[in-house]
Each structure stands twice: as C-alpha cells, then as structure tokens.
Amino acid sequence: MPIRIILVGPPGVGKGTQAALLEERLGAKQLSSGVIFRSEIEAETDLGQLAKSYIDRGELVPNGITIQMMVKRLRTDDVRQRGFVLDGFPRTVRQAEALSEELDKEGIPLDAVVSLEVDDEIVVERLSGRIGCTKCGEIYHAITKPPKREGICDKCNSPLFVREDDKPETIRERLRVFHENTRPVIDYYAGKGKLSRIDANQAPEAVYASIATALGEA
Ligand code: AMP
C-alpha cells in the first residue's frame, strides 16, 4: 500500500532528513518543494529565476506558482503508484486547501500529517552551521556533524555548500514567515483531526520511530 504523508514544521527541524528516511524505508516518493525550487534555480529555468528572488530573502514563493508546481508532481505516475512524503508543502492555508481539493478530486486519502516541533532557538542553532552536499543532498553541521574532510561530502566526495538562505538574518525571516503563514496550516490539519505532533528535538532515528508510530496509529 502506498503511504501518503505530510511533514510540517519550521525550517531546520529535520523535515528533509525524515522525508529521505521515509522514502528509503517505505518507498514513498519524497516531494520537497524547497529542493524542487533549488533544482529549478540550478537549471536556470524561468520558474527558478522567479523563485530565487523570494527564496534568497527568506520569503515564500507565491502560492499560485508553488501550487501548480506541486500539483504537477502529485499527478505523475510514479507518485500515484508509490505515494508521497510532502516536505515543505503546504506552507500556507491556501496551499493546504488546494492540496485537499486535488486529493479529494482524485480520491486519494492522506495517511498522516506530522508536525515536527522544536523551539526557535534550536532552529537558529541548527541552521547556523548547516552545510549541504551539492550532489547527493546529504546534510552536515559545522559543529554537531562535521564532514571528515572540510568542504567535501563523506558519501559522494562532492563539494559542500552553505545555503544562501541559511544566513542569520534570513533564518530569522524564515522563522517569522513560518509563524505567520505555516502555524495556521498546523491548526488547519488539527481542526480536521489529522495531526500528529512530534518532539523533533531528538536524534533522527528517535524522530523517525515517532513518525512510524504515528503512521501505525493513523
Ligand atoms: P526549504 O528548503 O523547505 O527550507 O525551502 C526553501 C525556500 O523555498 C523557502 O524559504 C521558500 O522561499 C521556498 N519555498 C519552499 N516551499 C515553499 C512553499 N510551499 N511555498 C512557498 N515557498 C516555498
């Protein structure tokens, strides 16, 4: 049975890490809006150019563009067959409503909506040292999880980079945007009785175990 799950939470809470684990272990396709935007920027597409100006400032890309981009991916055969782990989408109530409409129209049920929760100070700490691999997407941290060789990925030997939007001023703005726009999304799913809240201030495996339990109970 394909699994369909939404991960919601502030930037840096570990949505990407958990989405990758869920894809690896349960086979559902990871759909990370931030990753998709960054690959559009890398490929220098029109969508990428448009998105970049918002992303670099820590603001949200407009709903219309984001919804269209995600719905297109939800409709692919691969995602229909394997299910999905949504990471970073929906981030506004408008996006959540558009997603509900799409899933209702297609008769696709959601298995779980998981809210990963940590305090703001922890977000700032985690993002301030975050380093990512340009190729395989592995995530490191300057203090808590440094690569063996500085600037090089342990897994695939590609160069590592610091995201433009992981600079301190932008991190604060992304947190502000989260509280203003994405907290209401959490309330939206709580109101529908669909939400599982998980303490994400734990090691990745412990967070994964909590998500697996939530899925089992859903
Ligand atoms: P992330 O990798 O999830 O932290 O996303 C990086 C950036 O991409 C965000 O700060 C936003 O600028 C943009 N972005 C990602 N997902 C969305 C979304 N669902 N709606 C609007 N903007 C988004």
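Residue positions are given per chain, counting from 1 as you read along its sequence in written order. At least 70 in pLDDT is required for a residue's local features to be given in this predicted model, at least 80 for side-chain atom pairs to be given and counted, and no such filter applies to totals for whole chains, interfaces and linings, which use all residues. With hydrogens and water excluded, all non-hydrogen atoms of the structure serve as input to the side-chain values.

> I would appreciate a short explanation of the pattern of salt bridges in the present structure.
Side-chain pairs of opposite charge can arise where the charged atoms are in close proximity. What counts as a salt bridge is simple: a side-chain nitrogen of Lys or Arg found within 4 Å of a carboxyl oxygen of Asp or Glu. Under the definition given, this model contains 20 salt bridges. A salt bridge links R197 to E117; its shortest N-O distance comes to 2.9 Å. Pair noted here: R197 is in strand β8 (residues 195–199) and E117 is in strand β4 (residues 112–117), with a separation of 80 residues, a long-range link. Any residue under 20% of the maximum accessible area for its type is buried, any over 50% is exposed, and the rest in between are partly exposed; the area is computed with a 1.4 Å probe on protein chains only. Since its relative accessible area comes to 49%, R197 is described here as partly exposed. Close ionic contact of E173 with R176 constitutes a salt bridge, the shortest N to O distance being 2.9 Å. Separated by three residues within a single helix, E173 and R176 lie in helix α8 (residues 168–191), roughly one turn from each other. Its relative accessible area of 41% is what places R176 among the partly exposed residues. Because the salt bridges share partners, they merge into one network encompassing R130, R163, D165, D166 and R174. Secondary structure elements follow DSSP: runs of H or I of four or more residues count as helices, runs of E of two or more count as strands, with numbering from the N terminus.

> So what exactly am I meant to see when it comes to the side chain of R163 here?
With respect to the helices, strands and loops of the structure, R163 is situated in the loop between β7 (160–161) and α8. Counted as a polar contact is a pair of N or O atoms within 3.5 Å, where, for protein atoms, one must be capable of donating a hydrogen and the other of accepting one, and residues adjacent in sequence contribute only when both atoms are in side chains. Within the structure, the side chain of R163 is placed 2.9 Å from the side chain of D165, a separation counted as a polar contact. For R163, the contacting residues outside a window of four places in its chain are R38, R130 and R174. Two residues qualify as a contact provided that any one of their heavy atoms is within 4.5 Å of a heavy atom in the partner residue.

> Can you help me understand the site of the ligand in this one?
Whether a residue is near a molecule or strand is decided by its heavy atoms; if any one of them lies within 4 Å of it, the residue is near. By nearness alone, 16 residues border the ligand, and S33, R38, E59, G88 and Q95 come closest of all. Side-chain polar atom of S33 to a nitrogen atom of the ligand: 2.8 Å apart, as the coordinates give it. Interatomic distance of 2.9 Å between a side-chain N/O atom of R38 and an oxygen atom of the ligand. When the free accessible area of the ligand is taken as 480 Å², the share hidden by the protein chains comes to 96%. No other element matches the four residues that helix α2 (residues 33–42) contributes to the shell around the ligand. Gly counts as polar in this scheme, as do all residues outside two lists: the nonpolar Ala, Val, Leu, Ile, Met, Phe, Trp, Tyr, Cys and Pro, and the charged Asp, Glu, Lys and Arg. Considering only residue class, the shell around the ligand consists of five nonpolar, five polar and six charged. All accessible-area figures derive from a Shrake-Rupley calculation using a 1.4 Å probe, and residue coverage is judged against the displayed protein chains alone.

Read these as geometric descriptors, not functional statements.
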